[in-house]
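# A structural walkthrough
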Amino acid sequence: MRKLIYSLSIFLAGFFLMNGCIRDDSEEMKEKEQRLLEKYLLDNGITQEPTASGLYFILLKDTIGKSPSITDIVEFEYTGKLVNGDVFGTTYEDVAEEENIYSENTIYGPVRLILQNALAGLSEGFQLMEEGEKAMMILPSDIAYGGSSIGIISRYSTLIFNIHLQKVISDPMAHENMLIKNFMDEKGLSGQPTESGLYYFESVEGEGDLIPQGSRVELYYDGYFLDGRVFDSNSDDSSPLSVNIPSDMIIDGWNEGIQLMKKGSKGTLIIPYDLAYGEIGTNAISPYMTLVFDMHIVDVY
């Protein structure tokens, strides 16, 4: 089962409290956090005063561009670390390799964030930036994850982000339509979308009739973003992927697009975000992302 094509379920871990057995050490941990933060600021010569929320915002590269509001989406690259220097996340492949946290399952490069859904400290910090700028944001736990832990980020941890804000997106539909047009122009593709907004460009016609509903289809595919970054593929697998058409287990763009193909067909689907992973995205695909698939229908039953 391909992890990015099939619908994903999100499992939430529960927090259990044994009354009388676990001491409430939150105040002690917050005091320790403050001591570590003060040491980090001193060691790094940071004299910047925090905002009212406690955010430390240090502008590293100044430009003139659009500044985001709380209702906007930001596209950016970052490296995040703890005050002890441990890196907990990055969008840069070379940084991941240097820090020994590289994963072949990670899609490196720009990511998107809906500001009103972001950590309080990040939401505030991004609104102090303009497109093209770089900044350091130091988020005490009060405006980060607080008393919760995630990965190597323990309870009451201060987070340090080095961020490059690349794009502010106020109208995601208009933005994606522009990117689709640019992609088509670059690839020499022309044509109109279906009523839903899906584009299909055939390179090999195939044989017989169009694939009908109720079919089982075997196929190979390469999935990538409009900027060319591959997020999923089975082209190197020994066996093709087998799916039912239609199915709740695949994205709407596949359900519609495969029915525009025949046995033996090869072609490219450009799938707008509302036919893919929508306004939320997945753990690997950012919100409002257009997806492109090069498809090869091997067999139809």
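Before reading further, recall that the structure is shown in the block above.
Residues numbered from 1 in each chain as written. Predicted model: local features only at pLDDT ≥ 70, side-chain atom pairs only at ≥ 80, totals over all residues. Heavy atoms only, no water.

### Some details on the overall build of the protein
In terms of helices and strands, the protein carries 5 helices and 12 strands. Principal-axis analysis of the C-alpha atoms gives the protein an extent of 70 × 55 × 35 Å. In the protein, buried positions account for 45% of the 301 residues. Residue pairs at least 24 apart in sequence account for 71% of intrachain contacts in the protein once pairs closer than 6 positions are excluded. A total accessible area of about 16,500 Å² is found for the protein, and carbon and sulfur atoms account for 49% of it. One way to put it: in the protein the 21 positive side-chain charges average out to a point 3 Å from where the 47 negative ones average out. (Helix = DSSP H or I, 4+ residues; strand = E, 2+ residues; numbered from the N terminus. Buried < 20%, exposed > 50% of the residue type's maximum accessible area, 1.4 Å probe, protein only. Contact = heavy atoms within 4.5 Å. Areas by Shrake-Rupley, 256 points an atom, 1.4 Å probe, with all protein chains shown as cover. Lys, Arg positive; Asp, Glu negative; His and termini not counted. Charge placed at Lys NZ, Arg CZ, Asp CG, Glu CD.)

### As for helix 1 (residues 26-43)
Three- or four-residue spacings in an α-helix give side chains the same orientation, since the helix completes a turn every 3.6 residues. Relative to the 26 Å expected for 18 residues at 1.5 Å per residue, helix 1 spans 25 Å between its end C-alpha atoms, a close match to the ideal helical length. Within the sequence span of helix 1, burial applies to Ser-26, Glu-33, Leu-37, Tyr-40 and Leu-41. The buried side chains of helix 1 occupy one side of the element, clustering within an arc of 95° when seen end-on. Of the exposed residues in helix 1, the ones pointing more than 90 degrees away from its buried face are Glu-27, Arg-35, Leu-42 and Asp-43. Buried residues along helix 1 sit in contact with strand 1 (56-61), strand 2 (73-82), strand 5 (134-139) and strand 6 (159-169). (Expected span 1.5 Å × (residues − 1). Arc of directions from axis to C-beta.)

### Overview of the environment of Asn-283
Relative to the helices and strands, Asn-283 is located in the loop between strand 11 (266-271) and strand 12 (291-300). Asn-283 gets classed as exposed once you look at its relative accessible area, which sits at 74%. Spatially, the C-alpha atoms of Asn-283 and Thr-106 are 9.6 Å apart, while their sequence positions differ by 177 residues.

### Quick notes on helix 4 (residues 172-187)
Taking 1.5 Å of rise per residue, 16 residues should cover 22 Å, and helix 4 covers 22 Å from first to last C-alpha, within 8% of that figure. Along helix 4, the residues that are buried comprise Pro-172, His-175, Glu-176, Ile-180, Phe-183 and Met-184.

### Some thoughts on the nonpolar core
One finds Leu-219, Trp-254, Ile-258, Ile-271, Leu-291, Phe-293 and Met-295 to be the most contacted residues of the largest nonpolar core, which totals 28 residues. Put simply, the parts of the chain that give this core at least two residues each are strand 8 (215-225), strand 10 (241-245), helix 5 (252-258), strand 11 and strand 12. Counting 24 residues, the second-largest nonpolar core is a separate cluster that includes Val-74, Phe-76, Phe-126 and Ile-163. (Core = buried A, V, L, I, M, F, W, Y, C linked by side-chain atoms within 4.5 Å.)

### Let's talk about the side chain of Ser-215
Looking at the element boundaries, Ser-215 is found in strand 8. Its relative accessible area of 5% is what places Ser-215 among the buried residues. At 2.8 Å, the side chain of Ser-215 and the backbone oxygen of Pro-212 are in polar contact. Excluding anything up to four places from it in sequence, Ser-215 contacts Val-243, Asn-244, Ile-245, Val-300 and Tyr-301. (Polar contact = N/O pair within 3.5 Å; in protein donor to acceptor, adjacent residues only side chain to side chain.)

### A word on the environment of Leu-119
Among the secondary structure elements, Leu-119 is positioned in the loop between strand 4 (111-114) and helix 3 (120-126). The exposure class of Leu-119 is buried, given its relative accessible area of 17%. As a C-alpha pair, Leu-119 and Phe-231 span 112 residues in sequence and 26 Å in three-dimensional space. Ignoring any residue separated from it by four or fewer positions in sequence, one finds Leu-119 in contact with Leu-139, Ile-143, Ala-144, Tyr-145 and Leu-159.

### Remarks on the packing of aromatic side chains
The geometry of an aromatic ring pair comes down to the distance between the two centres and the angle between the two planes. By the definition in use, this model includes 12 aromatic pairs. Where Tyr-221 meets Phe-293, the ring centres are 6.2 Å apart and the plane angle is 65°; that geometry is what we call edge-to-face. A residue pair is termed long-range when its members are at least 10 positions apart, and Tyr-221 in strand 8 and Phe-293 in strand 12 qualify at 72 residues. Each member of the pair Tyr-221 and Phe-293 is classed as buried. Geometrically, the ring pair formed by Tyr-273 and Tyr-288 is edge-to-face, given 5.0 Å between the ring centres and 75° between the ring planes. Here Tyr-288 lies in the loop between strand 11 and strand 12 and Tyr-273 lies in the loop between strand 11 and strand 12, a separation of 15 residues in the sequence. Residue Tyr-273 shares its accessibility class with Tyr-288, and that shared class is buried. (Phe/Tyr/Trp six-rings, centres within 6.5 Å; stacked < 30°, edge-to-face > 60°.)

### Let's talk about a negative patch on the surface
A surface patch of like charges, here negative, comprises Asp-86, Glu-93, Asp-94, Glu-97, Glu-98 and Glu-99. Along the polypeptide, Asp-86 turns up in the loop between strand 2 and strand 3 (87-90). (Patch = residues over 30% accessible without salt bridge, like charges linked within 9 Å, V, L, I, M, F, W, Y side chains within 5 Å. Salt bridge = Lys/Arg side-chain N within 4 Å of Asp/Glu carboxyl O.)

### Some words on the pattern of salt bridges
What the rule picks out here adds up to 9 salt bridges. Note that Arg-112 and Glu-176 form a salt bridge whose closest N and O atoms lie 2.8 Å from each other. Of this pair, Arg-112 sits in strand 4 while Glu-176 is found in helix 4, placing the two residues 64 residues apart along the sequence. Residue classification places Arg-112 among the buried residues on the basis of a relative accessible area of 9%. Overall, Glu-176 belongs to the buried group, its relative accessible area being 3%. Between Asp-227 and Arg-229 there is a salt bridge, with its nearest N and O atoms 2.9 Å apart. It is possible to trace a salt-bridge network through shared partners that takes in Glu-75, Arg-112 and Glu-176.

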